[in-house]
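# Structure at a glance
Each chain is listed here by its residues.
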Amino acid sequence: MTSDVNEREFELVIVGGGPAGLTAGMYAKRSELNAVVLERGLPGGQLLNTDLIDDYPGLPEIDGRELADRMAKHATKFGLPIDTFTVKGIKKLADGDFRVTTEEGPVYRAPAVILTAGGTPNKLEVPGEEEFAGRGVSYCAICDGAFFKGETIAVAGGGDAAAEEAEFLTRYVEKLYLIHRRDQLRAQKILQTRVFENPKIEVIWDTVIEEVLGDLKGMTGLRLKNLKSGEQGTLDVTGLFVFIGFRPNTGLLEDHAEHDAGGYLISDRDMRSSIPGLFVGGDCRSQLTRQITTAVGDGTTAVIAAEKYLTELKGAKAG
Ligand code: NAP
């Protein structure tokens, strides 16, 4: 392995410190691999945006931030370093190593990388959304919910995140409109039931948000359109939380890797991507569902596959 003096060398670089990355890191250190996790913020990923987690086996009710903290402590207990940097690019070099660059400057080099970088929330991309971001429009219920105490707000989306976060927000708000573009929710049945049974939530079906309205003080309402009737109207709300899925953070790859139409990386059953030495797990991997439990499983498989790859690589070099 040859490198610049400024490059930090590891056997394995794990990009992203959510449940998948922290699990991979924990197992890597238990296997005594020289591994590092690179995470731009606090470790925990989407856990940090989740209030109550009630679908992690063995922990029937746990706060997302607490689970994040426990996962990070569990991984570091085995000696895992978690470096706080924003990864800018991942490139496979001619000698087979990966070069991982960061916004802050430090460069990492390793023969294997596990990409567990999650995703970035989708935006509605309608007029007013950007203008009123932080002044009514939000993408994080835990971060901003308390600002809307006693108010009337809206949530956009029909998936697990929209249903779960809408329910969470009703602990603060007086009334909440869940605005969905179709006539049925995509969310799991248990989450749907909670939404339908919550007296503070009213679902507005078949409807899209065309504009976020407001004045100098902040957001005042939404301009809506019913997709079935074509009817347009306005809704007086002082907040809008947008939960309409997210884009996987796979744009960090500087080389082409096989992906699906949504940009999620395609892997085999051992989490190998189409680039040898690059493994993938969690929310940036193409798969049926994205749960904490599946992310943790992905991280486990990815690191065991990476370890096998590193052993074979060493064998090939020695032979
Ligand atoms: P998602 O499952 O992809 O759902 C996105 C929702 O937003 C869908 O209802 C979709 O409508 C709607 N949507 C998408 N683009 C839209 C647009 N431009 N305008 C209006 N509506 C739009 O995303 P998610 O809810 O963020 O969840 C992401 C992943 O995390 C999923 O795999 C989910 O299962 C998982 N997750 C799990 C939990 C949990 O288990 N407790 C909690 C949160 C997230 P259509 O239905 O019409 O497509």
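As the structure is a computational prediction, the values presented were derived from the model and not from experiment.

### Overview of the sheet that holds strand 9 (residues 107-110)
Strand order in this open sheet of 4 strands is 1-9-8-7, and the pairing throughout is mixed. Both outer strands of the open sheet, strand 1 (7-9) and strand 7 (87-92), are each paired with one neighbouring strand and no more. With direction set aside, neighbouring strand axes in the sheet form an average angle of 25°. Taken together, the 3 bridges between strand 1 and strand 9 define a ladder with parallel strand orientation. Counted as the bridge partner of Arg-8 is Tyr-108 from strand 9.

### Concerning the state of the cysteines
Summed over all chains, the structure comprises 1 disulfide. A sulfur-sulfur separation of 2.0 Å characterises the disulfide bridge that pairs Cys-140 with Cys-143. Every disulfide takes its handedness from the sign of the S-S torsion; for Cys-140 and Cys-143 that torsion is 75°, giving right-handed.

### A short note on the site of the ligand
Close to the ligand lie 19 residues, the nearest being Asp-160, Glu-164, Arg-182, Arg-186 and Gln-291. For the ligand, whose unbound accessible area comes to 910 Å², protein coverage reaches 77%. Ranked by the residues each element gives to the shell around the ligand, the list is headed by helix 4 (residues 160-169), at 3 residues. Here the shell around the ligand is composed, by residue class, of 5 nonpolar, 7 polar and 7 charged. Two domains each put at least three residues into the shell around the ligand: domain 1 (7-121 + 246-318) and domain 2 (137-242).

### Structural notes on the domain arrangement of the protein
For the protein, the domain assignment lists domain 1 (7-121 + 246-318) and domain 2 (137-242). For domain 1 and domain 2, the distance between their C-alpha centroids amounts to 33 Å. Each side of the interface is counted separately: domain 1 has 8 residues, and domain 2 has 11 residues. With both sides pooled, the region where domain 1 packs onto domain 2 buries about 710 Å², and carbon together with sulfur makes up 44% of that total. When the area that domain 1 buries against domain 2 is broken down by residue, the three leading residues are Asn-49, Asp-51 and Asp-54, summing to 56%. Linking domain 1 with domain 2 are 1 salt bridge. A salt bridge links Arg-194 to Asp-54, with the nearest nitrogen and oxygen atoms 2.8 Å apart. Where domain 1 touches domain 2, the interface holds 1 residue pair in polar contact (both at pLDDT 80 or more). Class assignment of the residues belonging to the side of domain 1 that touches domain 2 gives a composition of 2 nonpolar, 3 polar and 3 charged.

Parameters and conventions
Residues numbered from 1 in each chain as written. Predicted model: local features only at pLDDT ≥ 70, side-chain atom pairs only at ≥ 80, totals over all residues. Heavy atoms only, no water. Pairing = 2+ DSSP bridges. Helix = DSSP H or I, 4+ residues; strand = E, 2+ residues; numbered from the N terminus. Axes fitted to C-alpha atoms, helices over the stretch in contact; angles between N-to-C directions. Disulfide = S-S within 2.5 Å. Near = heavy atom within 4 Å. Areas by Shrake-Rupley, 256 points an atom, 1.4 Å probe, with all protein chains shown as cover. Nonpolar A, V, L, I, M, F, W, Y, C, P; charged D, E, K, R; others polar. Domains from an automatic or database assignment. Contact = heavy atoms within 4.5 Å. Buried area = accessible area lost by both parts, 1.4 Å probe. Salt bridge = Lys/Arg side-chain N within 4 Å of Asp/Glu carboxyl O. Polar contact = N/O pair within 3.5 Å; in protein donor to acceptor, adjacent residues only side chain to side chain.

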